[in-house]
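What the coordinates show
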Amino acid sequence: MNDGNCSDAATNGGIGGGASATVRRADGQVYVDARAMERLVGVIFERAGCDAEEAHRIAWRLTGANLRGHDSHGVLRTRRYLEWMEDGAVFPGRRIEVERETGVLAVIDGDYGFGQTVGEQTVDLGVAKAREHGVAVTALKNAGHLGRIGDWAERAAESDCASIHMVNVRGSLIVAPYGAIERRGSTSPFCAGVPRPGAPPIVHDFATSVVAEGKAMVALHGGKPLPGDALVDADGNDTSDPRPLYGETPPGRTPDPHAGPGALNAFGLHKGSGLNFFMEMFGGALTGSGTAAALGDTGKRRFCNGMLSIYMHVGAFHDDDWFAREVSAYVEYWKAARPSRPGGEVLVPGEKERRTMAERRESGLPLPEGAWADILAAAEKVGMSGGEVDAALS
Ligand code: NAD
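Every value quoted in this text rests on a predicted model; they were computed, and no experiment measured them.

About the thresholds
Residues numbered from 1 in each chain as written. Predicted model: local features only at pLDDT ≥ 70, side-chain atom pairs only at ≥ 80, totals over all residues. Heavy atoms only, no water. Helix = DSSP H or I, 4+ residues; strand = E, 2+ residues; numbered from the N terminus. Rg over C-alpha atoms; globule rule 2.2 N^0.38 Å. Buried < 20%, exposed > 50% of the residue type's maximum accessible area, 1.4 Å probe, protein only. Contact = heavy atoms within 4.5 Å. Areas by Shrake-Rupley, 256 points an atom, 1.4 Å probe, with all protein chains shown as cover. Lys, Arg positive; Asp, Glu negative; His and termini not counted. Charge placed at Lys NZ, Arg CZ, Asp CG, Glu CD. Expected span 1.5 Å × (residues − 1). Pairing = 2+ DSSP bridges. Axes fitted to C-alpha atoms, helices over the stretch in contact; angles between N-to-C directions. Parallel < 35°, antiparallel > 145°, perpendicular 65-115°, else oblique. Nonpolar A, V, L, I, M, F, W, Y, C, P; charged D, E, K, R; others polar. Core = buried A, V, L, I, M, F, W, Y, C linked by side-chain atoms within 4.5 Å.

Things to note about the overall build of the chain
Secondary structure assignment for the chain yields 13 helices and 14 strands. Here the C-alpha atoms of the chain give a radius of gyration of 21 Å, agreeing with the 21 Å that 2.2 N^0.38 yields for 394 residues. Counting only C-alpha atoms, the chain reaches 60 × 55 × 50 Å along its principal axes. Looking at the chain residue by residue over its 394 residues, the buried ones come to 49%. Sequence separation of at least 24 residues holds for 65% of the intrachain contacts in the chain that already meet a minimum separation of 6. Summed over its atoms, the accessible surface of the chain is roughly 18400 Å², and 53% of this surface lies on carbon and sulfur atoms. Each charge sign in the chain was given a centre, from 41 positive and 52 negative side chains, and these centres are 2 Å apart.

Here it is in structure tokens:
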């Protein structure tokens, strides 16, 4: 085990990324300083054709997901995003198009722009409307992958807005409804947040499946095991085995979550399954983006995120700081509940992410060797030399 700074470029695919003091190895993982990672991923997207501002926005948001512990929505996505650009599935430099608008509503076409870009533009428009009228709704369709949805509640909270975000994933059929084996939807995330003056907002953000697909992939590769109800197999039995999602993967091929005979389970039995259904109603149907699929489809629908967001400007509800005081008092009350296990602790939503962020700012972002090799391969793909990779990391 090497727990010092690494200087073996050969283990990184031979294009650098190893000699920098911002990369080290410990416990079988690679740790990359978050700011260095952000710089590297930013340069990769710039080389791939994004302008500098957008490239660094994408890099900042992906790195931010890793910092908060949501690796499945972080820099791991770099290579896939580049492939999407190449395939014309997602485009740099897009501006949202407002198709219908009133004082409190905007129906928006994201035109397959990067989610990090059209998501931000959408939230900024919604917040501006809510600050003028008290409340507002944005309905975003055809967005590129919107990443970690908590980003959008945090952005709204910066402008003193509480918000709710309901998201579907058109074209992704990997989740079975409660009581079913066949897939009818996706991991469709739900997110809600409230601002706290002088303190981080409280944000709850989760997929409406028992586990996100990225976690099933990790388990498939022998990583952290899944809970016993994560999937349903072809015979209708709950299982922690991820293979019913992927089927048999031929050697050398990437496991395909659309290929297996089973599915991921929706979380929370019938209640969570119903919430998953409503992500399709709001994020898919009401936005105009389209549901994951529907009867009459002959092929797979084009991948995109749809997001329905509701913004509430706190200042429109209260003249004084009553809301802030009530929220603070309730957080204290919540956290003071007696733990169910000796030494246990009660957390509020978002607290785990903030703790992980504080730790990872110090330790660097932990990545399996394969994931780091993938990022270096992405750098190589866009023509970066080893020296350029090391310069970005320094
Ligand atoms: P998760 O299961 O880790 O749940 C996260 C939520 O639970 C957070 O709000 C967290 O603060 C809270 N939480 C965690 N542990 C807690 C504890 N001990 N006590 C109290 N609260 C606790 O998240 P997930 O379902 O794996 O989702 C991961 C990410 O994937 C999310 O950011 C989501 O937006 C994203 N996602 C995106 C898409 C997309 O299409 N863009 C699809 C699916 C998921």
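Read on, since the account is not over.
Topic: helix α10 (residues 322–335)
Quick reminder: α-helices carry 3.6 residues per turn. Residues three or four places apart thus point the same way. With 14 residues, α10 should cover 20 Å at 1.5 Å per step; its first-to-last C-alpha distance of 20 Å lies within 8% of that length. Elements in contact with the buried residues of α10: β8 (189–196) and β9 (199–207).

Thoughts on the pairing of strand β1 (residues 23–26)
Where β1 and strand β2 (residues 29–32) come together, 4 bridges link them in antiparallel fashion. Bridging from a neighbouring strand, Arg25 pairs with Val30 of β2. Counted between consecutive antiparallel strands, the loop separating β1 from β2 contains 2 residues, among which Asp27 sits at a positive phi close to 50 degrees.

Observations concerning the environment of Val167
Tracing the backbone through its elements, the reader meets Val167 in strand β6 (residues 161–170). Measuring from C-alpha to C-alpha, the distance between Val167 and Ser328 comes to 28 Å, with 161 residues separating the pair along the chain. Setting aside its immediate chain neighbours within four residues, Val167 contacts Ile149, Ser188, Pro189, Met279, Asn305, Gly306 and Met307.

What about the environment of Gly260?
Structurally, Gly260 is set in the loop between α7 (243–246) and β12 (263–265). Of the residues examined, Gly260 reaches a relative accessible area of 15% and is grouped as buried. A sequence separation of 27 residues divides Gly260 from Asp233, and the C-alpha atoms of the two residues are 9.0 Å apart.

Notes on the packing of helix α2 (residues 52–67) against helix α4 (residues 115–133)
When two helices pack together, their arrangement is captured by the angle between the axes and the distance separating the axes. Put simply, α2 and α4 touch, their axes get as near as 9 Å, and they point 90 degrees apart. The pairing of α2 with α4 is recorded here as roughly perpendicular in orientation. When α2 is examined against α4, the residues Glu54, Arg57, Ile58, Arg61 and Leu62 are found in contact with a partner set consisting of Gln116, Thr117 and Glu120. Among the residues forming the contact of α2 with α4, the class breakdown is 2 nonpolar, 2 polar and 4 charged.

Some points on the nonpolar core
One recurring pattern in soluble globular proteins is that nonpolar side chains are buried together. If you look at the biggest cluster of nonpolar residues, it comprises 37 residues, and the most contacted ones within it are Met37, Leu40, Ile44, Phe45 and Trp372. Mapped onto this core, the elements with two or more residues apiece are β2, α1 (34–48), α2, α3 (78–87), β14 (365–368), α12 (369–381) and α13 (386–393). By residue number, the principal contributor to this core is α1, which donates 7 residues. Those residues in contact with Ile44, other than ones at most four positions away along the chain, are Thr78, Leu82, Ile375, Ala378, Ala379, Val382 and Met384. By size, the runner-up hydrophobic cluster in this structure holds 22 residues, among which are Ile96, Ala106, Ile108 and Val203.

Brief notes about the sheet that holds strand β4 (residues 105–109)
In spatial order, the strands read β3-β4-β5-β13-β6-β8-β9; together these 7 strands make up an open sheet with mixed pairing. Single-partner strands in this sheet number two, and they are β3 (97–101) and β9. With direction set aside, neighbouring strand axes in the sheet form an average angle of 15 degrees. Strand direction decides the pairing type here: β3 and β4, joined by 4 bridges, are antiparallel.

Some words on the pairing of strand β13 (residues 304–313)
Burial of β13 is extensive: 8 of the 10 residues sit out of reach of the surface. As judged from the 7 bridges shared by strand β5 (residues 135–143) and β13, these two strands associate in the antiparallel manner. Its bridge partner lying in β13, Ala143 is registered against Asn305. Direction of pairing for β6 relative to β13: antiparallel, over a ladder of 10 bridges. Residue pairing in the sheet places Arg170 in a bridge with Cys304 of β13.

What about the sheet that holds β14?
Taken in spatial order, the 3 strands of this open sheet run β1-β2-β14, and their pairing is antiparallel. The two strands at the open ends of the sheet, each matched to only one other strand, are β1 and β14. With direction set aside, neighbouring strand axes in the sheet form an average angle of 35 degrees.

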